[in-house]
Amino acid sequence: MNYNYQIIVEYLGKDFVGWQIQKNGKSIQETIQKALSKTFKSKIKIIGSGRTDAGVHAIGQSANFFLNKKIKDKVKILSTINFYLKKYPISIIDLKKRKLDFHARHSAKKRIYEYVIVNRKSKLSIDKGKAWLIRKELNFNAMKQSIKMLVGIHDFSTFRSSSCAAKNPIRKISKASITKANNKIILKFESQSFLQQQVRSMVGCLKYVGDNKWTIKKFKDVFNSKKRKLCAMPAPPEGLYLKKVFY
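Rules and cut-offs
Residues numbered from 1 in each chain as written. Predicted model: local features only at pLDDT ≥ 70, side-chain atom pairs only at ≥ 80, totals over all residues. Heavy atoms only, no water. Salt bridge = Lys/Arg side-chain N within 4 Å of Asp/Glu carboxyl O. Helix = DSSP H or I, 4+ residues; strand = E, 2+ residues; numbered from the N terminus. Buried < 20%, exposed > 50% of the residue type's maximum accessible area, 1.4 Å probe, protein only. Axes fitted to C-alpha atoms, helices over the stretch in contact; angles between N-to-C directions. Parallel < 35°, antiparallel > 145°, perpendicular 65-115°, else oblique. Left-handed = near helix turned anticlockwise from the far one by under 90°. Contact = heavy atoms within 4.5 Å. Nonpolar A, V, L, I, M, F, W, Y, C, P; charged D, E, K, R; others polar. 1 Å grid on protein atoms, 1.4 Å probe; cavity = no way out; pocket = protein on both sides within 12 Å on 5 of 7 lines; lining within 4 Å. Points joined across faces, edges and corners; volume = space filled by probe spheres on them. Arc of directions from axis to C-beta. Phe/Tyr/Trp six-rings, centres within 6.5 Å; stacked < 30°, edge-to-face > 60°. Disulfide = S-S within 2.5 Å.

Visitor: Mind laying out the pattern of salt bridges, listing which residues take part and the relevant values?
Guide: By the definition in use, this model includes nine salt bridges. Of the charged contacts, one joins Glu114 and Lys243 as a salt bridge, the two residues approaching to 3.2 Å between their closest N and O atoms. Of the two residues, Glu114 sits in strand E5 (residues 110-119) while Lys243 sits in strand E10 (residues 240-246), which places them 129 residues apart along the sequence. Lys243 sits in the partly exposed class, given a relative accessible area of 30%.

Visitor: Tell me about the packing of helix H1 (residues 28-40) against helix H2 (residues 74-84), and name the residues and values.
Guide: Running from amino to carboxyl end, H1 crosses H2 at an angle of 130°, the nearest separation of the two axes being 8 Å. What the angle tells us is that H1 and H2 run oblique. For the pair H1 and H2, the sense of crossing is right-handed. The residues of H2 that touch H1, namely those facing Ala35, Leu36, Lys38, Thr39 and Phe40, are Ile77, Thr80, Ile81 and Tyr84. Among the residues making up the contact of H1 with H2, the classes are represented as six nonpolar, two polar and one charged.

Visitor: Could you give an account of the layout of surface pockets, with specific residues and numbers?
Guide: Rolling a probe over the atoms, with the probe sized like a water molecule, indicates the empty space that remains. By volume, the largest pocket is sized at about 1100 Å³. Lining the largest pocket we find 39 residues, and of these Ser49, Gly50, Arg51, Arg105 and Phe194 sit closest to its centre. It is helix H4 (residues 198-210) that contributes the most residues to the lining of the largest pocket, three residues altogether. For the lining of the largest pocket, the per-class residue count stands at 16 nonpolar, 15 polar and eight charged. Each pocket or cavity is described by its volume, and for the second largest pocket that value is around 170 Å³. Along its surface, the second largest pocket is lined by Lys26, Glu30, Thr31, Lys34, Ala35, Lys38, Tyr84, Lys87 and Tyr88. Considered class by class, the residues forming the lining of the second largest pocket number three nonpolar, one polar and five charged.

Visitor: Hey, could you go over helix H5 (residues 216-225) for me, with residue numbers and the actual values?
Guide: What H5 keeps buried is the set Phe219, Val222 and Phe223. Looking straight down H5, one finds its buried side chains confined to an arc of 100°; they lie on one side. Contact partners of the buried residues in H5: helix H3 (140-147), strand E7 (152-155) and H4. Where H5 ends, the next residue or the one after it, Lys226, has phi of about 60°, a positive value.

Visitor: How would you sum up the packing of aromatic side chains? Please name residues and give values.
Guide: Under the counting rule described, the total for this entry stands at 13 aromatic pairs. Between Phe40 and Phe65, the ring centres sit 5.8 Å apart and the planes meet at 40°, which makes this aromatic pair tilted. Taken as a pair, Phe40 in helix H1 and Phe65 in strand E3 (residues 57-67) lie far apart in primary sequence, 25 residues in all. The exposure classification of Phe40 matches that of Phe65, with both residues buried.

Visitor: Please give an account of the side chain of Gln29 that cites residues and values.
Guide: Mapped onto the secondary structure, Gln29 falls in helix H1. For Gln29, a relative accessible area of 10% translates into the label buried. Those residues in contact with Gln29 that lie beyond four places of it in its chain are Trp19, Gln20, Ile21 and Ile46.

Visitor: Break down the side chain of Ser146 for me, citing the residues and quoting the values.
Guide: With respect to the element layout, Ser146 can be found in helix H3. Those residues in contact with Ser146, other than ones at most four positions away along the chain, are Leu206, Val209, Ile216 and Phe219.

Visitor: Go over the state of the cysteines with me, naming the residues and quoting the values.
Guide: On inspection of all chains with the given rule, the structure shows zero disulfides. Among the cysteines around Cys164, which has no disulfide bond, Cys231 carries the closest sulfur, lying 13 Å off. The thiol of Cys205 is not disulfide-bonded; the next cysteine sulfur, from Cys231, is found 3.6 Å away. Since its relative accessible area comes to 0%, Cys205 is described here as buried.

Visitor: Quick rundown of the packing of H3 against H4? Include the residues and the values.
Guide: Packed helices, taken two at a time, are described by the angle their axes make and the gap between the axes. It is at 8 Å that the axes of H3 and H4 come closest, and there the two elements cross at 140°. The angle between the axes of H3 and H4 places the two elements in the oblique class. For H3 against H4, the interelement crossing comes out right-handed. Where H3 approaches H4, its residues Ala142, Met143, Ser146 and Ile147 are matched on the opposing element by Leu206, Lys207, Val209 and Gly210.

Laid out in structure tokens, this is it:
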């Protein structure tokens, strides 16, 4: 009999080529599959909720896998999987039994991404590799006005990577917010799904507004143009976190 299990995963993406298995380096997916295969002594393949890019982190990535036996001691299994992951900045936070038709990607109702900017002159120590350091003081209010334009159903072609395989550039962003505490700026985006590099591209354009390279009107015009070539340089991956996936 087959059983379907969901795992919640936390990781730092710095030393990986991204979530998805690739020939050119170590991926999060491959590393977890090896740990699961050692734990259950059989070949395991996992399905992730989404493919985070190289260098992108996760606090609540979700994945599922099928197993031909029932897990009886969840605590012991979690401990064993994490033992095999101890060399890597990857942790399995939780393990849940799901119905057979549960699919980590297709069953997702909402995904939340956060992007962290540290806006100060001094170099990063604690947040090195975990945030985007911007030394020039940003115009927070202009960024706050601009981010509101992203909420709703839109054609996000401007913010879509040229290698994006999605059939449709239309997406609905249910919430988009920007908050500031001391010198840390956090941008938060909620949607059922995102296009490849969409969040980093949106943040890159908002940064242009923040450092007065663009006016708010220019941001709106670039967004409405649906032309990728007009997009600002995408924000670096180290500031981006997949926060949570809802089902």
